[in-house]
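A closer look at the structure
Residue strings, one per chain:
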Amino acid sequence: MIQVRVGELAGTLETLEGEVVTLRLDGSVAPGAPKTMIALLEDGALELQGKCVGGRRHGEGVFVVQFRLTNLRRQVRKTLSDALKI
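In this report, we go over the structure that sits alongside the text. No experiment lies behind these values; they were computed from the predicted model shown.

**Focus: the sheet that holds strand β6 (residues 63-69)**
Here six strands make up a closed barrel; going around it, the order is β1-β2-β3-β6-β5-β4 and the pairing antiparallel. On average, adjacent strands in this sheet sit at an angle of 45° to one another, irrespective of strand direction. The pairing of strand β4 (residues 34-41) with strand β5 (residues 44-57) spans eight bridges and is antiparallel. Bridge pairing in β5 places P34 opposite K51. Docked against the sheet, helix α1 (residues 74-85) engages β1 (2-6), β2 (9-17), β4, β5 and β6, running at close to 100° with respect to β2.

Structural data, given as structure tokens:
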């Protein structure tokens, strides 16, 4: 899993399916809200832009949130896919 920050929220990037990422965060995000995410990879940080397409509470203080990425280029997709396979 990849450590990620969304504003003041912290969590992990769990999956990448097409243009949609699933994050497990320590707070909620309003649906439709455009956000900047910072993925912390071994070789540096990767800035991602996306809009929240939904989410749900998953236990005490844990939220599973989906974002549709709006700046997903081929190289960024490959970098994220490779990092998730480790």
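**What to know about the nonpolar core**
Counting residues in hydrophobic clusters, the biggest one holds 25 residues, and the most contacted among them are L23, M37, L48, F67 and L80. Counting only elements with at least two residues in this core, the list comes to β1, β2, β3 (20-25), β4, β5, β6 and α1. Looking at this core, the element that brings in the most residues is β6, giving four residues. Here M37 is in contact with V4, R5, V6, V21, L23, L46, E47, L48, Q49, G50, F67 and L69, once residues within four sequence places are set aside.

**Some thoughts on the pattern of salt bridges**
In the structure shown here, the tally under the stated rule is three salt bridges. The residue D82 makes a salt bridge to K78 at a minimum N-O spacing of 2.8 Å. Taken as a pair, D82 and K78 lie in helix α1 at a separation of four residues, close to a single helical turn.

**Side note on the pairing of β4**
Across four bridges, β1 lies against β4 in antiparallel orientation. Its bridge partner lying in β4, Q3 is registered against L40. Connecting the antiparallel pair β4 and β5 is a turn made up of two residues.

Criteria and thresholds
- Residues numbered from 1 in each chain as written.
- Predicted model: local features only at pLDDT ≥ 70, side-chain atom pairs only at ≥ 80, totals over all residues.
- Heavy atoms only, no water.
- Pairing = 2+ DSSP bridges.
- Helix = DSSP H or I, 4+ residues; strand = E, 2+ residues; numbered from the N terminus.
- Axes fitted to C-alpha atoms, helices over the stretch in contact; angles between N-to-C directions.
- Contact = heavy atoms within 4.5 Å.
- Core = buried A, V, L, I, M, F, W, Y, C linked by side-chain atoms within 4.5 Å.
- Buried < 20%, exposed > 50% of the residue type's maximum accessible area, 1.4 Å probe, protein only.
- Salt bridge = Lys/Arg side-chain N within 4 Å of Asp/Glu carboxyl O.

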